[in-house]
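Fold and contact review
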Protein chains: 2
Amino acid sequence: MSSTRESDFEELLKIIRTVCDLRAAAGLLEWDQETYMPTGATEARSRQVATLYATSHELFIRDRTGELLERLNGIEDDPMEFLTSLVRVTQRDYSRACKLSPELVGKIAEVTSKAKASWAQAYRENNFERFAGDLERVVGLCREKAEAIGYADHPYDALLDEYEPESTSAQIKYIFDDLRSALVPIVQAIAEAPQMEYAFLHYSYDAEIQWDFGMEILRDIGFDFQRGRQDLSAHPFSTSFSINDVRLTTRIRERSLVSGLFGSLHEAGHGMYEQGIDPELEGTFLAQGTSLGIHESQSRLWENQVGRSEAFWRCYYRDLQQRFKDQLGNIPMERFYQAMNQVRPSAIRVEADEVTYNLHIMLRFELEMMLLEEKASVHELPGLWMDRMQGYLGVQPESDAQGVLQDIHWALGAIGYFPTYTIGNLISAQIFSCAQSALTDLDDQISRGEFKPLLEWLQTNVYHWGRKLSAAEIIDWLTNGAVSAEPWLAYIRQKYSAIYGNLP
Amino acid sequence: MSSTRESDFEELLKIIRTVCDLRAAAGLLEWDQETYMPTGATEARSRQVATLYATSHELFIRDRTGELLERLNGIEDDPMEFLTSLVRVTQRDYSRACKLSPELVGKIAEVTSKAKASWAQAYRENNFERFAGDLERVVGLCREKAEAIGYADHPYDALLDEYEPESTSAQIKYIFDDLRSALVPIVQAIAEAPQMEYAFLHYSYDAEIQWDFGMEILRDIGFDFQRGRQDLSAHPFSTSFSINDVRLTTRIRERSLVSGLFGSLHEAGHGMYEQGIDPELEGTFLAQGTSLGIHESQSRLWENQVGRSEAFWRCYYRDLQQRFKDQLGNIPMERFYQAMNQVRPSAIRVEADEVTYNLHIMLRFELEMMLLEEKASVHELPGLWMDRMQGYLGVQPESDAQGVLQDIHWALGAIGYFPTYTIGNLISAQIFSCAQSALTDLDDQISRGEFKPLLEWLQTNVYHWGRKLSAAEIIDWLTNGAVSAEPWLAYIRQKYSAIYGNLP
C-alpha cells in the first residue's frame, strides 16, 4: 500500500473508530436504562442517547468520509481482506447514513428513548394508551426515514434493508406464503393428535435456582463471562459494546420454568456470535453480525436446535431434577422433553413453540405494513392484534400487556425488524444441518455436554467473519445455495413426527 | 435579550449540552467499569472513554465557542442570572480547556483508564509494581498538563485549580501548617488519655444486613432513589450523569461495621449535593458542585457532623442492636458512640477518625509535590509512604494494599485532588455551625430522625446554586468570611473533650 493510501486508511479508520466508540457508548446508556438506571433519569438519558447518536452521525457523514472512501475504493479484490471489506461495508453504511439528516437521527433517538420508557410503563400498567402517543411519533418518524432513504416498491423495504441488507418486503411475503402453505397442514395434524397436559411446567420454581441453573448452562455452552455478563430486564435482549463486552439480559418467572432458561439460551446465541468475531475487526463496522437474520439464526440454533433437543436434556435433566426435586422428581426425562416441545398456540411470541412461532411474526409483519401504508392507526392496534391472534393462532391474549405491548421493538423504532426472526429460523436449520454433516457425532457430543466442537465450527464458519461476508455469502459458502425453508421444514417434520406421530 | 443574542445563546447552549452529554456518557462508562463491566472489556473501554473525552473536548474548544462567548460576555451583572453565570463559568472552563490539546486529553483518558484497571489488580494482588508503570505515565502526563495550563509559582497550582478553583499550593501549605500546630497538642492530649478497646466493632457483621441498614439510612436522610442508586465497588465513590441520575458505591466488610455505613453516608452527602442542584441548570456546566472542597464539605457533614453524632445514634442505635443482637446486645449506646468516634491513628484514610484524618491528607499532598518536583520517583513511593506513615501517625501499614495502593485517585490522574478533602473538612464545620444557628433544635431533629429541615436548609443555601456561586462566594454568603479552620477546631475540641476529657 502506498504511503498516501496508508495515511488515507489511517484517517478513515480513526473516523470509523470514533463513530463505533460513540455508538458503543450509546449502547451502554441504553443497556443501563433497561437494567440499573433510576426511573427519574429517563429525560436526561433520552437527551444523552440522542446526543451520542447525533454526534456520531454528524462525524460520520462529513464530506471527508466520502472523499476518503472514494480514494480507497477498489484497491484490492479479495473479499477476505480487512481493508477491502471495511471500505465496502463503510461505503454501504455511509451512503445510507448520508440520506438521514442529523436532525432526523437525533429526533429518532430522542423519541425512541422516551417511547422505551412509556412502553415499559404501559407494559407494567397494562395500559396501551400510555404508549400510544409515543408509538404514533415513532411510526411517523419511520415513515419519514423510509422516504429519506428511498425505495423502489414499498417504504417497508427501506426499513427492512437496515436489518436484512438487500432483502425486500416482496421477498418476505413470498417466503411467508411459501412457509404458510407447508406449515398449516403440520399445525393441523398436530392439533388433531392427542394433547398432553404438563401442569408441572407451571409449578413454582424458585427464581434464584433458575438463575443459577441458567448461568451454569451459559458457562457450559461457551458464553465467555470474562467478556460478557447477564442481568435481568423487563424484556430479554442482548447487546455489545465490543467483541469483549457482550451483555445478555433475561427475565425469570417463578411460574414458568421455560421462560428464563430459553430466553437465556436465545440471547447467549446472539452473544456468542458477537464474542466469536475476529478480534482483528474490533472497533470497526466489521465487528458486528452481518444481518439480523444470521444473528437470529444463532440465537435460535442455541435455543432450539441445541436447547430443545433430546440430546441436550439427556445431559442436563438429571441436574435439573436434583435442583427441583419436588416439582420434577416424578417426571421422566421423556415427558419433560415433550413438554419442552409442546406445540400449542399461545399469546406470547418469546414463549411460542418452534412450530407456531412464525405465525406471530406474520401477524407483526402485516400490522407494520398496514401502519406504514396508513391502512391502520396506532389506536387500532390493540383491536387488530386481538382479531388476528384469534384468526392465526386461535388464542385471545388476556390483556394488552400479553398482546400488543409484549415486545419492545416498536418502542425502539425497529419497524422492519420482525421478519428477520423468521429468516433466522430458516437459516438456523440450514446452518445446523451443515454442522451435523461436518461433526458427525454432534448429537452424542451434546448429550455429553461437549459444546466446544459445535461452537468452534460456528466460530470458524459463521462468527469470525463479522460483516466481511454478507448473509447471502455465508449461506452460499455453507450450502452452495440461498435462504430456503426446506431444511427448517425437514427439521420440524422429523422432530415433531417423533412426538406427535407422522406429519405431512 | 435581542434576537441575535438569543440565537447566539441558543447556539452556545447546544454546544454546552453536547459537551455535557458526552461527558455524562463517559461518566457512565467509568461507573460501569467499576461496578459491572466484565474484565475482558478493559482495553475497549479505555478506548471508548478516551474517545468520548476527546470528542467532547474537540467540540468544546472550537473557535466558534470562543466567538460566542465573547459576543455574550458581560451582558448582565446579576450573578444569580442563569445566562450570566453560564457564560462566566463556560468562559473559565473554555480558557482552561483550550490550553490542553485534544491529543493530550485523549492520552490522559486512555492512560488513566488503563491505570484504573492495573491499580485494581495491584490492589487485589498487593503488588505495587503492577501499577507502577501506569502511575509513572500518569505522573508524566500530569506534569505535561501543568506545563500546558501554566502557573505562576508551582506546577501543583495548575492541577489544584481544576478541583479547587483559585486556590494555590502555597495557601494549602499555609492552612496545613496552621492546622498542624493546633492539631498536634490535641492528638497528644488524646494519646495520653486512657484508651478503650472496642473489640465488638470487628465481630462478624453479615454483609447483607449491613447493606440493608445502610440503604434504609440513605432513604431516611433523604437520598432520592428515584434519582439515584447505590452499588458495590472496590473503592467507594459517587458520580452523576444528571442531577436526576446520581450513583453511589460502597464496599462492605464483614469484619468492620463502620466501613460500609460511613462510606455510604459519605458518598450520599456528595450525592445529595448533586441531587439538590437547581433543575434549571440541568445539562449545563452549572449543574455541578462548585468546587471539590464544597463537595467534600457535604460528604463529611453527613458522614461526621450527622452520622458520628450522639443525636444520630440516639435515633438509630436501638435499630442496629436489633439487627445485630449477638454482637451489640450488651453494648450500651454510650459505648457504641465512643467506639464510632475513637481516635486512633490507622493506616486507611477512608476509615480514619476525624481528628487524625487530615494527617493522611498532608502525607499525600507532600508526596504529590515531590513527584511533580521530581524529588521522588514512583518506585520510591511505597518506601516513602511507610516512612511517613510512621512519622505522622506512628503506624506501619501491613502491606502496600493497605498503604500506597489504598486510594484510586492517582490512577484517575487526580493529582492535586487530596487537599480538597481537608478544605472540605474545614468548610463542613463552617456550614454545619451556620445550620445549627438557623435550625435551633437541629440536634433534637436528628435524634428524632428528622433530616428534612437540615437537607432543605442545605439545598437552599448550598446545593441549589450549583456553580452559579463559587466556593468563596458561598462561604462568604453564609459566614461573611473565608475558609477558616477555627469552626472545625472548635467542633473537634467540644466533641472530643466530652469523650477524652478537656482538650487544648
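Preceding this section is the structure that the text describes.
So, here is what we can say about the structure in this document. Keep in mind that what you see is a predicted model, and the values were worked out from it rather than measured. (Residues numbered from 1 in each chain as written. Chains lettered and ligands numbered in written order. Predicted model: local features only at pLDDT ≥ 70, side-chain atom pairs only at ≥ 80, totals over all residues.)

Of all hydrophobic cores here, the largest spans 266 residues; its most connected members are A25 of chain A together with A25 and V138 of chain B. Excluding anything up to four places from it in sequence, A25 of chain B contacts A25, L29, Q48 and L52 of chain A together with L52 of chain B. (Core = buried A, V, L, I, M, F, W, Y, C linked by C-beta atoms within 7 Å. Buried ≥ 20, exposed ≤ 12 C-beta atoms within 10 Å, placed from the backbone. Contact = placed C-beta atoms within 7 Å.)

Another aspect to go through is the interface of chain B and chain A. Where interface size is quoted, it is often the accessible area lost as the parts come together. If you look at the interface, chain B gives 31 residues, while chain A gives 31 residues. For the side of chain B that touches chain A, the secondary structure elements donating two or more residues are α1 (3-35), α2 (42-60), β1 (228-232) and β2 (238-242) of chain B. Taken together, the residues of the side of chain B that touches chain A sort by class into 13 nonpolar, eleven polar and seven charged. (Helix = DSSP H or I, 4+ residues; strand = E, 2+ residues; numbered from the N terminus. Nonpolar A, V, L, I, M, F, W, Y, C, P; charged D, E, K, R; others polar.)

When chain B is fitted to chain A, the best match, at an RMSD of 0.0 Å, comes from turning it 180° and sliding it 0.0 Å along the axis. Taken together, the rotation and translation relating the two chain copies correspond to the operation of a two-fold axis. Proximity to the rotation axis, assessed at the C-alpha, singles out A25 of chain B in chain B; its C-alpha lies 3.3 Å from the axis. Both copies contact each other with a shared surface, as 100% of the interface residues of chain B are interface residues in chain A too. (Least-squares fit on C-alpha atoms with pLDDT ≥ 70 in both.)

All names here are of chain B. One open sheet holds the three strands; their spatial order is β1-β3-β2, and the pairing between them is mixed. One side of each edge strand has no neighbouring strand; the edge strands of this open sheet are β1 and β2. The average angle at which neighbouring strand axes cross in this sheet is 20°, direction not considered. Alignment of β1 against strand β3 (residues 245-250), held across five bridges, turns out to be parallel. Residue pairing in the sheet places G228 in a bridge with V246 of β3. Running at roughly 145° to β2, α1 makes contact with β1, β2 and β3 of the sheet. The sheet strands contacting helix α10 (residues 257-275) are β1, β2 and β3, and the helix crosses β3 at an angle near 165°. (Pairing = 2+ DSSP bridges. Axes fitted to C-alpha atoms, helices over the stretch in contact; angles between N-to-C directions.)

This paragraph deals with the sheet that holds strand β2 (residues 238-242) of chain A. Residue and element names in this part refer to chain A. Here three strands make up an open sheet; going across it, the order is β1-β3-β2 and the pairing mixed. A single partner strand is all that each edge strand has here, and the edge strands are β1 (228-232) and β2. Strand-to-strand twist across the sheet, computed as the mean angle between neighbouring axes with direction ignored, equals 20°. The strands touched by helix α10 (residues 257-275) are β1, β2 and β3 (245-250); relative to β3, the strand with the most contacts, the crossing angle is about 165°.

Turning to the pairing of β2 of chain B, a few remarks are in order. Residue and element names in this part refer to chain B. Across the five residues that make up β2, a large majority, four, are buried. For β2 and β3, the ladder comprises four bridges, and the chain directions are antiparallel. When the bridges of β3 are listed, T239 appears paired with R247. Counted along the chain from β2 to the antiparallel partner β3, the turn is two residues long.

Relative orientation and spacing of two packed helices are given, respectively, by the angle between their axes and the distance between those axes. Residue and element names in this part refer to chain B. Relative orientation of the contacting elements helix α17 (residues 419-438) and helix α20 (residues 471-479) amounts to 35°, with a least axis distance of 10 Å. Seen along the crossing, α17 lies across α20 with a hand that is left-handed. Here I427, Q430, I431 and C434 of α17 lie close against α20, whose contacting residues are I475, L478 and T479. Looking at the contact of α17 with α20, its residues break down into five nonpolar, two polar and no charged. (Left-handed = near helix turned anticlockwise from the far one by under 90°.)

Our focus in this paragraph is helix α12 (residues 310-323) of chain A. Residue and element names in this part refer to chain A. Taking 1.5 Å as the rise per residue, α12 with 14 residues should run 20 Å; its terminal C-alpha atoms sit 19 Å apart, in good agreement. Turning to α12, its buried residues number three or more, namely E310, F312, W313, Y316 and L320. Packed against the buried residues of α12 are α9 (207-221), α11 (292-306), α13 (325-328), α14 (333-340) and α18 (442-447). (Expected span 1.5 Å × (residues − 1).)

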